2 protein chains.
Amino acid sequence: MTKLNHHFQKLRDGYLFSEIEKRVSAHQKKYPQACLLNLGIGDVTHPLFPNVVEALVKASYEMGDIQTFRGYGPSDGYDFLKQAIAQNDYSGIALDEIFISDGINTDISNIQEIFSIENRVGIMDPAYPVYVDVTVMAGRTKPLLKTGGYGGITYFPCSEGNGFQPEVPNAHVDLIFLCSPNNPTGVTMGRENLTKWVRYAREHQAIILFDAAYEAFITSDAPRSIYEIDGAKEVAVEFRSFSKSAGFTGLRCSYTVIPHALKVRDAGKIQSLNQLWKRRLDTKSNGVSYPIQKAAEALYTQTGKRALQETIESYSQRAKILLEGLRKIGYSVYGGLDSPYLWCKTPPKIRSWEFFDFVLENAHVVTVPGFGFGCSGDSFIRFSAFAERDAIEQTLSRFKALA
Amino acid sequence: MTKLNHHFQKLRDGYLFSEIEKRVSAHQKKYPQACLLNLGIGDVTHPLFPNVVEALVKASYEMGDIQTFRGYGPSDGYDFLKQAIAQNDYSGIALDEIFISDGINTDISNIQEIFSIENRVGIMDPAYPVYVDVTVMAGRTKPLLKTGGYGGITYFPCSEGNGFQPEVPNAHVDLIFLCSPNNPTGVTMGRENLTKWVRYAREHQAIILFDAAYEAFITSDAPRSIYEIDGAKEVAVEFRSFSKSAGFTGLRCSYTVIPHALKVRDAGKIQSLNQLWKRRLDTKSNGVSYPIQKAAEALYTQTGKRALQETIESYSQRAKILLEGLRKIGYSVYGGLDSPYLWCKTPPKIRSWEFFDFVLENAHVVTVPGFGFGCSGDSFIRFSAFAERDAIEQTLSRFKALA
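Note that the structure is predicted; figures quoted are calculated from it, not measured. (Residues numbered from 1 in each chain as written. Chains lettered and ligands numbered in written order. Predicted model: local features only at pLDDT ≥ 70, side-chain atom pairs only at ≥ 80, totals over all residues. Heavy atoms only, no water.)

1. Brief notes about the sheet that holds strand β10 (residues 254-257) of chain B
Residues and elements named next belong to chain B.
No. 1: Strand order in the open sheet formed by seven strands is β2-β10-β9-β8-β7-β3-β6, and the pairing between neighbours is mixed. Among the strands making up the open sheet, the edge pair consists of β2 (98-101) and β6 (153-157). With strand direction ignored, the average angle separating the axes of adjacent strands in the sheet is 20°.
No. 2: With four bridges joining them, β2 and β10 adopt antiparallel strand pairing. Bridge assignment links Phe99 to a residue of β10, and that residue is Thr256.
No. 3: The sheet strands contacting helix α5 (residues 130-137) are β3 (121-125), β6, β7 (175-179) and β8 (207-211), and the helix crosses β3 at an angle near 150°. (Pairing = 2+ DSSP bridges. Helix = DSSP H or I, 4+ residues; strand = E, 2+ residues; numbered from the N terminus. Axes fitted to C-alpha atoms, helices over the stretch in contact; angles between N-to-C directions. Contact = heavy atoms within 4.5 Å.)

What follows is the structure, encoded as structure tokens:
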């Protein structure tokens, strides 16, 4: 008789965003006339840049011509895109240290496969829910704790008390998920703190899985890459994406950096994580669509860079308007400066799903309840500035009316 | 200290096609003047159909216009594509039984995640190497057997003796990989044989993972879908692809069917495999690129269907020429009728890598050594008819000269 992966049963019911969708759709049935404002799911609103569309179209025509048609590409991506990334986003990263992928979700979910089940996992709290869910699915967790978290995971609380900066633990952890600027808090890890984490990982022979999905939004002098920290290449994998900065959420392209310097001594042998990941990709993937990789390459032209800069500035401006507006009404709000996300405290004694429902019911505004990102998030809701400017201004007037 | 997934160490060195690439590139250095003919890796040679390019271009422009831009799509694909699939490729398959993916490799590699490690896996021998490799990576195998196979896997030999038809085993197996038309033998499973397998799976409460990547090439009356067999919906998952038939190897689009009727009784609960897979996708994937799904949809228009038919016929004709030519020279050759692949017996006492090397050295023709597909393949090489007609004719004259 076929047996299932029992660990799936340990997952909380439904995926956060599916639950939100369900409540929103019930709300829409109840109020068919209401003008719903969605500041929930972090999907972009700006279309693709004209030069990106041009590159997509050109590559599409190439694929229709026998002279220029391309079949299977490299499982880890074309060199033309890797070259653009290596030249523009890093210094001292080799092409074969870069792996092109169809999304950070894919890579950050799958990279755990190359590690043993026995590793102890550490995750920021609150955090993007995928880190916890893939840890559960793989069977690295133990029964639920009284706090509501999973046994077997070491949580790094990020709260008002520590300025939302995760602190290195006293205990030992093997695999560390860090996200900066963090989703959902919108707060970036400072250079000093990140240095502490790199030192911790070196001392503990741990590995940092660094999710830099929102690095393009950093305006402060906080590190945009973990490799800005000395010694990080020996202990950290970095994940980056074109989704939010360049509006690629519907196109699907991202990349992962695994430096050759990242070696793991295991079972008496020194092994290269880069090689292990390559072996997995060669077996399980046929790489990313050629036209999509050409589209991503176009982001690195002068025209592409300018458009990217303008888009980021436009989103950042909206985040700033929302941040200042909510604070003016009297809310305690964090993030929104280096990030499109704002982390807004709920009124005293009101928990996050309750406040989510209240806001949806009374202001017709969709947010994300902080509890969906972990126990530490239960007195917050997340706003996303990926919305039309008008929607942000309307949200502010409706919140003013609520107060 | 971070520990690695030790199962990766059990994989044979390098991926089959990487090893071939290495030898070919050494050969090219040795004979820079030689005209190399590649009948090895199964990559297509026809470019995308004009109406597919048109759909790609149109969708690219949509993505550049704020009125028609699309961000995140459903993790399991857009309904417009599912609708086309349900209407054209099946009868009685619902939209939410179809999962759009970026390639069969991805899905067939990842579906094992939703099953327990304890399941006994059965695989055709010879077979596409990914089935074995993902079983090894997941830790479902035991030490190597004397035959060269992996302990813990039940092999279903496909040989001249049984007409390359895998036979249902006497012992119990939980997860069964079947591929028809099989890669590499090019032989299709007959209706009677497939019926035996469905009956076996029902009796053993086993699940069949049915790889139908090459179904479009079937010209005989063999089943193109496992769901043509009564009772298959309760025991089988089917994987299909646009790669080979429509030249999507560089675009990346495929789909997987998991009927609602496929339930697994495990740990005292009846669970839906469809729901389990959906949960995995919701967490680990953001779906397939919108323009690529629009391109796939275009295959189901009248124009698309006609182009597909013509392409298949052209590849089939080449396979036939190669089959007849090789037989005329005196080789024992199988497949090539329902499939773009031909399975050619090596001369007596010559093993497959040896014959691969001989053919490369003396005829400058790239093939694939049968051993790469399993122990039963060691007295065969695989030819692919995904090549220019001229290359096929030249291959035949060079082989004639060798004989």
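2. Focus: the packing of helix α11 (residues 352-363) of chain B against helix α12 (residues 389-402) of chain B
All names here are of chain B.
No. 1: The interhelical angle for the contact between α11 and α12, taken along N-to-C directions, is 105°, at an axis separation of 10 Å. Taken together, the axes of α11 and α12 lie roughly perpendicular to each other. Contacts between α11 and α12 involve Phe355, Phe358, Val359, Asn362 and Ala363 from the first element and Arg398, Phe399 and Leu402 from the second.
No. 2: Here the residues of the contact of α11 with α12 sort into six nonpolar, one polar and one charged. (Parallel < 35°, antiparallel > 145°, perpendicular 65-115°, else oblique. Nonpolar A, V, L, I, M, F, W, Y, C, P; charged D, E, K, R; others polar.)

3. Focus: the nonpolar core
No. 1: Ranked by size, the top nonpolar core spans 233 residues in total, and within it Ile208, Phe248 and Leu273 of chain A together with Ile208, Phe248 and Leu273 of chain B carry the most contacts.
No. 2: Here Leu273 of chain A is in contact with Ile114, Phe115, Ile207, Val237, Ile258, Leu262 and Val264 of chain A together with Leu4 of chain B, once residues within four sequence places are set aside.
No. 3: Formed by 23 residues, the second largest nonpolar core is a distinct cluster that contains Leu39, Tyr331, Phe383 and Ala385 of chain B. (Core = buried A, V, L, I, M, F, W, Y, C linked by side-chain atoms within 4.5 Å. Buried < 20%, exposed > 50% of the residue type's maximum accessible area, 1.4 Å probe, protein only.)

4. Things to note about the packing of helix α1 (residues 16-30) of chain A against helix α11 (residues 352-363) of chain A
For any two helices packed against each other, one specifies the inter-axial angle together with the distance between the axes.
Residue and element names in this part refer to chain A.
No. 1: One way to put it is that α1 packs onto α11 with a least axis distance of 11 Å and a crossing angle of 30°. If you check the angle between α1 and α11, you find them roughly parallel. Between α1 and α11 lies a crossing of right-handed hand. Seen from α1, the contacting residues are Leu16, Glu19, Ile20, Arg23, Val24, His27 and Lys30; seen from α11, they are Trp353, Phe356, Asp357, Leu360 and Glu361.
No. 2: Grouping the amino acids of the contact of α1 with α11 by side-chain chemistry returns six nonpolar, one polar and five charged. (Left-handed = near helix turned anticlockwise from the far one by under 90°.)

5. Focus: empty space enclosed by the protein
No. 1: Using the criterion set out here, one finds six cavities of 30 Å³ or more in the structure.
No. 2: Its volume calculated, the largest cavity comes out at about 370 Å³.
No. 3: Lining the largest cavity are 28 residues; nearest its centre among them are Asp102 and Thr106 of chain A together with Asp102, Thr106 and Asn110 of chain B.
No. 4: Elements with a minimum of two residues in the lining of the largest cavity: β2 (98-101), α4 (104-110) and α8 (273-284) of chain A together with β2, α4 (104-110) and α8 (273-284) of chain B.
No. 5: Counted as a void, the second largest cavity has a volume near 100 Å³. (1 Å grid on protein atoms, 1.4 Å probe; cavity = no way out; pocket = protein on both sides within 12 Å on 5 of 7 lines; lining within 4 Å. Points joined across faces, edges and corners; volume = space filled by probe spheres on them.)

6. Considerations on the interface of chain B and chain A
No. 1: At the junction of the two partners, chain B supplies 84 residues and chain A supplies 84 residues.
No. 2: Across the pair Arg279 of chain B and Asp133 of chain A runs a salt bridge, and its minimum N-O distance is 3.7 Å.
No. 3: Sorting the residues of the side of chain B that touches chain A by element identifies α2 (50-63), α4, α5, β11 (263-266), β12 (269-272), α8 and α9 (290-297) of chain B as the ones contributing at least two each.
No. 4: Looking at which element gives the most residues to the side of chain B that touches chain A, the answer is α8 of chain B, with seven residues.
No. 5: Its residues placed into classes, the side of chain B that touches chain A shows 33 nonpolar, 31 polar and 20 charged. (Salt bridge = Lys/Arg side-chain N within 4 Å of Asp/Glu carboxyl O.)

7. Examining the pairing of strand β3 (residues 121-125) of chain A
It is a general feature of regular strands that their side chains alternate between the two faces of the sheet.
Residues and elements named next belong to chain A.
No. 1: Burial runs high along β3: five of the five residues are buried.
No. 2: Burial along β3 is two-sided: Val121, Ile123 and Asp125 and Gly122 and Met124, pointing in opposite directions, are all buried.
No. 3: In this structure, β3 lies alongside strand β6 (residues 153-157), joined through five bridges in parallel fashion. When the sheet's bridge partners are listed, Val121 is paired in β6 with Ile153.
No. 4: Relative to strand β7 (residues 175-179), β3 is paired through three bridges, and the arrangement is parallel. Across the sheet, the residue bridging to Gly122 is Ile176, located in β7.

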